[in-house]
Amino acid sequence: MPGVPPPAATANLPAPLTPLVGREREVAAVVDLLRHPDVRLLTLTGPGGAGKTRLAVAVAEGLVEDFPDGVRFVGLAPIADPGLVAPAIAQALGVREVGDESLVDRLAAFLRDRRLLLVLDNVEQVVEAAPLVVDLLRACPRLTILVTSRVRLRVSGEREHAVPPLGLAEEGDASSVANVAASEVVRLFVARAQAVRANFAVTPENAAAVAAICVRLDGLPLAIELAAARAKVLPPAALLARLERRLPLLTGGTRDAPARQRTMRDAIAWSHDLLRPDEQALFRRLAVFAGGFNLEAADAVAAPGDSAGGGFETVASLVDQSLLREEDGPGGEPRYAMLETVREYGLERLAASGEADSVRDRHAAWCLALAERGEIATWGGPEQTRWLDRLEAELPNLRAALAWCEGIDDPQPGLGLSGALAALWFHRSHRAEGRAWLERALARAGEVPSTARAKALRALASQELLLGGGRAVAHAAESLALWRDLDDSWRAADAQLVLGIALAHGAEPGRAPPVLEAAAAQLEALSEPYRAAVARLHLGQIALERGAGARAEALLGEVLALFRRGGYRWGVAHAALLLGQAAVDRGDRPAAAARYAEGIAAGDWVSSREGLVNVLAGVARLALATGSPLAATRLLAAAAARGEIVGHQVRPSERARRERAAAAAQAALGAAGFDAAWAAGRSLSDEQAAAAAAAVVAAVGSPTAVRGAADNARRLTRRELEVLRLLAGGRSDREIAGALFISPKTVGAHITSVLGKLGVSSRAAAVAYAHRHALA
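Thresholds, definitions, all that
Residue positions are counted from 1 within each chain, in the order its sequence is given. Residues qualify for local features only when their pLDDT is at least 70, as the model is predicted, and side-chain atom pairs are given and counted only at 80 or more; totals for whole chains, interfaces and linings, by contrast, use all residues. Side-chain measures here rest on the full set of heavy atoms in the structure, leaving out hydrogens and waters. Only runs of H or I of at least four residues qualify as helices and only runs of E of at least two qualify as strands under DSSP, and these elements are numbered from the N terminus. Each residue is assigned to one of three classes by its accessible area relative to the maximum for its type, calculated with a 1.4 Å probe on protein chains only: buried under 20%, partly exposed between the two thresholds, exposed over 50%. We call two residues contacting when some pair of their heavy atoms lies within 4.5 Å. Each accessible area is a Shrake-Rupley result for a 1.4 Å probe, and residues are judged covered by the shown protein chains and nothing else. Throughout, an axis means a line fitted to C-alpha atoms (over the contacting stretch in the case of helices), and angles, computed between N-to-C directions, take values from 0 to 180 degrees. Any angle from 65 to 115 degrees is called roughly perpendicular, while one under 35 is roughly parallel, one over 145 is roughly antiparallel, and all others are oblique. Here is the rule for handedness: rotate from the far helix to the near one, and if that takes an anticlockwise turn smaller than a right angle the crossing is left-handed, while a clockwise turn gives right-handed. When residues are grouped by polarity, Ala, Val, Leu, Ile, Met, Phe, Trp, Tyr, Cys and Pro land in nonpolar, Asp, Glu, Lys and Arg in charged, and all others, Gly among them, in polar. Basic side-chain nitrogens of Lys or Arg form a salt bridge, by our definition, when they fall within 4 Å of a carboxyl oxygen of Asp or Glu. Throughout, disulfides are identified as pairs of cysteine sulfur atoms within 2.5 Å of each other. If DSSP finds at least two bridges between two strands, the strands pair. The nonpolar core is taken to be a set of buried Ala, Val, Leu, Ile, Met, Phe, Trp, Tyr and Cys residues, with the residues joined through side-chain atoms within 4.5 Å. For Phe, Tyr and Trp, rings pair up if their centres lie within 6.5 Å, where Trp contributes its six-membered ring, and each pair is then called stacked (planes under 30 degrees apart), edge-to-face (over 60) or tilted (otherwise). Put simply, a charge is over a ring when the Lys NZ or the Arg CZ is close to the ring centre, within 6 Å, and near the line of the ring normal, within 35 degrees. Per-residue confidence from the predictor is given as pLDDT, running between 0 and 100.

1. Structural notes on the overall build of the protein chain
If you tally the helices and strands in the protein chain, you get 38 helices and seven strands. For the protein chain, buried positions account for 53% of its 776 residues. Taking as baseline every contact in the protein chain between residues at least 6 positions apart, the subset at least 24 positions apart corresponds to 71%. Surface accessibility of the protein chain: about 31,400 Å² in total, with carbon and sulfur atoms responsible for 53%.

Next up, the structure:
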C-alpha cells in the first residue's frame, strides 16, 4: 500500500571478532552461485578448521540485499539430536511451537512466500535431518539454503562447493618476500601473529620458514591460527622445527579420513601438548560445555581445590593459545567457547582421562544450580529479562545436561532441572521441547512424591497453557496436591495460582475466580504481594472479559501501582495494556493512549511475540475508536500474521473483540480498501508493527506525555541520538559501527545508555519510542 515501506531485509549473522583474510575469490564465486535461480541448496564442504563458517558468513553478508525477507543464520554445532534441527530453525525465524501441529508444517507455512536465505551451519553431526531441508525447499519455492558441513547432505538438488585451503605461495618462490607476504595463507598467519606480537613481519630472514609452516599446515585456517598464536614465544624457524616433530601426517588414523582432517587433529594435539599439566586438565574439562561458558561455570566444572582451577589466568592462557575464543555474553559479560573441532579433541582427551563421568556430573550440577537461581527471578520479577537472556545463552549447555541426566540412574537431577526451567520453556517459546523433557523426566521418576516431581508438574502445566494440550488443569491440580502433602505452603499457593490461570484459559473459566482469589489471599499471607498481584491481574482480565469494566479497572489499577513500585516491568506492561483496553471500552481515548504508551514502553514486545500480538490488537481498537480504520486494519493484520507464526492461543472473548473490530474497519474502508490495508499490515516486520502501534498511541497522547518524552530525549548525547536514529532505521550494531566509525562494542554501550535514559527495557521499545516522538 502507498506509504507503507516493505519490511527491511534483516540478518542475524554472527559478528566475527577478526576480519576475514583472503577468500575474496571464494566469496565472489559462492555469491554468484547463490544468485543463480537454479541453485537453491548449496553445501560448503571441507574438514574441520577449513573456514567454512567464516566463508558462509561473508557470503551471506554479500547477499543481504538479494533476499528482501532476510538472511537467517542457524548454528547447529551444539546440537547432536537431528530432532532438534527444526526447533533450532524455528527459534532463528521466530516461529513458535504450539499444540500438536507439526513444526515442519509451521515452518513451511511461514517460509512459503518469502524470498529468504537460510544458513545452516555445522550440519555434519545432524546430517540425518537432511530430509527436512528438502521438505522445506519443496514447500517454499522462494527459499534458498546455504549449508556448511564436513560431509555432503546427499539429497536431490544439492550443489557442493568444496572449501579449498587458503592460497599458498607458488613452489620455488618462497625466497621472494613480496610473493610470500602476498599469499592468502601468509596474510592470515601474519595477522594472527601480530595479535600476540605486534612487530611481527615477513622478512628476508624468516620468509622461507613462514612459507614452510603454512605449507606444512596445508593452508587450513584453524591450524594457521593455532601455530601463529605461538609466535609470541617461538620465532618462525623454531616453530617450524616443532612442526617437524609434532605434526607428521597420521598413519594410524582411518584410511577414509581426509588427510587435512588428520593434520588438523595433530595441530590441536601439538598445541595441547605445549600446555602445562594444569592447563591440559582444564582444557579437557572445559570441553564438556556446549555453546560456551563464563568464568563462574569454568570454576564450577574444574575440580574444586585442585591445580586445574578455572580461574581467569588459566582460562586467559587457553585464549592466548587459540584453544578458547572470547566473546560477549548476555549483558556484556565475557564468555568463552571452543571451536567445535577443538572441542571434539578435548572430549577425546576427557574420555581418555577417566574423569568424564565426574566432569559431566559437575556440569549437570552447575546447570541445575543456575536454573534454580534464576527460577524465581524469571517469574515476572524485575530481573526476568536478564535471567531469561542468561538461560537462553546457556540453552546448549542445559540441553547437554538434560541429556546426560536421562542416562544416569537417579532421575531426580533431570526432573529438577527440567522443572526449574519452566519460565525459559514458557517465555522464550521452547514449550514443545520443554514439555518433552518434562514428560520424559516424570515418566522416569515414576509417581514417587518429591519436590522435584511437584515442581515439574507445575512447569508442565505452564507449558500446556499455551500448547492447547488440555492437561494444564490436571497437572496443576496434581502439583498443588503434592505441595500440600509436602507441607510447603509457599509452593502450594503458587501451584494454586497456576491452577487458577489454567482454569481461566480452559473449558471452564467460571471455576477460575474463586481459585485465583484463594491463591491471592494465601500469597498475601505469605508476604508475597507480587505473586498475589499476578492472581489479581488475571482476576481483572476475567472481569474485563465479562464486561465488568469498573471492577476490572479497580483491580488492575491496584496491581499496576504495586508493579510500578517493585519494578516488575512484565506486570506493569500487562496491567497497563489491560487498562488501555478498559479505557477504550468506556470511550476514554486519552486515558487509553496513556495506558498503552506505558505498556509499550515497559514491555519487550518484539522478544515476547505473543505479547506483541496483544499490543497490536489492543491499539488497533484504539485506532478504530479515533476514526483511523486504515491504521486499525494494518495493526489487526499484523497481529493476525504474528499470531499465526507463534501459534497464539486467543481466548474466545478476545477473538470476538478482534472480529468485531475487523468488521467495523471493513465497513469503513470497503472490501478493496480493507484487503489492501490488510495485506500491507501482514507484510510489516515486528519492529515496523511495534512502531506503527506506537505512532497511533502518540497521535492520541497527552501533552504531558509528549513533554516528558522531550525531556528524556534532551538527556541523550549527540552520539547517543545518532545511534538511536540508526537503530530506528533498522541498522545492526555492525552497520551502526561502520557508519559512525566506532566499534560494535561501543555501539552496544551507547544503546545500553540510551535505554536507561529513555526508561525502556529493550531495543524494540527504544525504536518505538524514537518513531513515536519523531526522533528517527
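2. Section: the packing of helix 24 (residues 489-505) against helix 25 (residues 512-525)
Helix packing geometry: the angle between the two helix axes and the distance between the axes. Relative to each other, helix 24 and helix 25 sit at 155 degrees, their axes nearing to 8 Å. Taken together, the axes of helix 24 and helix 25 are roughly antiparallel relative to one another. Note on packing geometry: the crossing formed by helix 24 with helix 25 is left-handed. Taken together, the residues of helix 25 that come into contact with helix 24 (itself represented by Ala493, Asp494, Gln496, Leu497, Leu499, Gly500, Ile501, Leu503 and Ala504) are Ala512, Val515, Leu516, Ala518, Ala519, Gln522 and Leu523. Looking at the contact of helix 24 with helix 25 residue by residue, the classes come out as 12 nonpolar, three polar and one charged.

3. What about the pattern of salt bridges?
In the structure shown here, the tally under the stated rule is 38 salt bridges. Among the ionic pairs, Arg373 bridges to Glu296, the shortest N-O distance being 2.6 Å. Taken as a pair, Arg373 in helix 16 (residues 356-375) and Glu296 in helix 13 (residues 295-301) lie far apart in primary sequence, 77 residues in all. Residue class for Glu296 comes out partly exposed when judged on its relative accessible area of 32%. For Arg682, the salt bridge identified is with Glu644, shortest N-O distance 2.8 Å.

4. Quick look at the state of the cysteines
Scanning the model with the defined rule gives zero disulfides in all. We note that Cys405 lacks a disulfide partner, and the nearest cysteine sulfur, in Cys367, lies 8.3 Å from it.

5. A short note on the sheet that holds strand 3 (residues 116-121)
Strand order in the open sheet formed by five strands is 2-3-4-1-5, and the pairing between neighbours is parallel. Both outer strands of the open sheet, strand 2 (71-75) and strand 5 (158-162), are each paired with one neighbouring strand and no more. Here the strands of the sheet are splayed against their neighbours by 20 degrees on average, with no regard to which way each runs. Pairing of strand 1 (residues 41-45) with strand 4 (residues 143-149) involves five bridges; the strand directions are parallel. Paired with Leu42 across the bridge in strand 4 is Leu146. Sheet strands in contact with helix 5 (residues 130-139) are strand 1, strand 3 and strand 4, and its direction is about 160 degrees off that of strand 4.

6. Let's talk about the nonpolar core
In terms of nonpolar packing, the biggest core is built from 106 residues, with Leu286 and Leu421 touching the most fellow members. If one sorts the elements of this core by residue count, helix 24 sits on top with 10 residues. Apart from the residues within four sequence positions on either side, Leu421 is in contact with Ala371, Leu391, Leu398 and Leu402. One finds Ile89, Ala90, Leu120 and Ile645 within the second-largest nonpolar core, a separate group that totals 37 residues.

7. Regarding the packing of aromatic side chains
Scanning all chains against the criterion turns up eight aromatic pairs. Measuring from ring centre to ring centre gives 6.5 Å for Phe283 and Tyr345, while their planes differ by 35 degrees; the resulting arrangement is tilted. Residue Phe283 is located in helix 12 (residues 277-286), and its partner Tyr345 is located in helix 15 (residues 340-353); the two are separated by 62 residues in the primary sequence. Each of the two residues, Phe283 as well as Tyr345, counts as buried. Three or more aromatic residues joined by ring pairs form one cluster here, namely Phe289, Phe293, Tyr336 and Trp366. One Lys or Arg, Arg431, reaches over the ring of Phe426 and ends 5.1 Å from the middle of that ring. Stacked on the ring of Trp437, the Lys or Arg Arg440 has its end atom at 4.7 Å from the ring centre.

8. Side note on the confidence of the model for the protein chain
Summary statistics for the protein chain give a mean pLDDT of 84 and a share of 89% for residues scoring 70 or more. Within the model, pLDDT remains below 50 along residues 1-8, and this stretch shows 17 contacts once partners closer than five positions in the same chain are excluded. Here residues 170-174 scores under 50 on pLDDT; set against residues more than four positions off or in separate chains, the count is seven contacts.

9. Notes on the pairing of strand 7 (residues 334-337)
Each regular strand shows side chains that alternate between the opposite faces of the sheet. When strand 6 (residues 325-328) meets strand 7, the two strands line up antiparallel, connected through four bridges. Its bridge partner being in strand 7, Glu326 is matched across the sheet by Tyr336. Joining the antiparallel neighbours strand 6 and strand 7 is a turn of five residues, in which Gly331 adopts a positive phi near 70 degrees.

10. Looking at the side chain of Gln463
Structurally, Gln463 is set in helix 22 (residues 451-467). With relative accessibility at 0%, the residue Gln463 sits in the buried group. Discounting chain neighbours no more than four positions away, the residues touching Gln463 are Ala422, Trp425, Phe426, Arg431, Arg435 and Leu438.

11. Quick notes on the packing of helix 21 (residues 431-445) against helix 22
At a closest axis distance of 9 Å, the pairing of helix 21 and helix 22 adopts a crossing angle of 145 degrees. Where helix 21 crosses over helix 22, the two elements pack in a sense that is left-handed. Residues Arg431, Ala432, Arg435, Leu438, Glu439 and Leu442 of helix 21 form the contact with helix 22, whose participating residues are Arg453, Ala456, Leu457, Ala459, Leu460, Gln463, Glu464, Leu466 and Leu467. Partitioned by chemical class, the residues of the contact of helix 21 with helix 22 number nine nonpolar, one polar and five charged.

12. Some words on unusual backbone geometry
If a residue is not glycine, its phi is most likely negative; likewise, a peptide bond is most likely trans. For Asn122, which is not glycine, the phi dihedral falls at a positive 65 degrees. Looking at the element boundaries, Asn122 is found in the loop between strand 3 and helix 5. Taking relative accessible area as the criterion, Asn122 reaches 14% and is therefore assigned buried. At Ser527, a position not held by glycine, the phi torsion is positive, near 60 degrees. Inspection of the secondary structure puts Ser527 in the loop between helix 25 and helix 26 (529-545).

13. Concerning the pairing of strand 1
A large share of strand 1 lies buried, amounting to five of its five residues. Burial along strand 1 is two-sided: the face carrying Leu41, Thr43 and Thr45 and the face carrying Leu42 and Leu44 are both buried. Pairing between strand 1 and strand 5: five bridges, direction parallel. Considered in strand 5, the bridge of Thr43 is made with Glu160.

14. Considerations on helix 8 (residues 207-216)
All of the buried residues in helix 8 are Ala207, Ala209, Val210, Ala211, Ile213 and Cys214. Positive phi appears at Asp218, one or two residues downstream of helix 8, with a value of about 60 degrees.

15. A look at helix 3 (residues 85-93)
Most of helix 3 sits out of view: eight of its nine residues are buried. Of the residues flanking the end of helix 3, it is Gly94, one or two places downstream, whose phi is positive at about 80 degrees.

16. Looking at the environment of Leu578
Relative to the assigned elements, Leu578 resides in helix 28 (residues 569-585). Considered as a pair, Leu578 and Leu544 are 34 residues apart in the sequence and their alpha carbons are 8.2 Å apart. Not counting chain neighbours up to four residues away, the residues in contact with Leu578 comprise Leu537, Gln541, Leu544 and Leu556.

17. A closer look at the environment of Ala77
By the secondary structure assignment, Ala77 is in the loop between strand 2 and helix 3. Along the primary structure Ala77 and Asn122 are separated by 45 residues, whereas in three dimensions their C-alpha atoms are 5.2 Å apart. Non-local contacts of Ala77, meaning those with residues more than four positions away in its chain, are made with Asp121, Asn122, Gln125 and Glu340.

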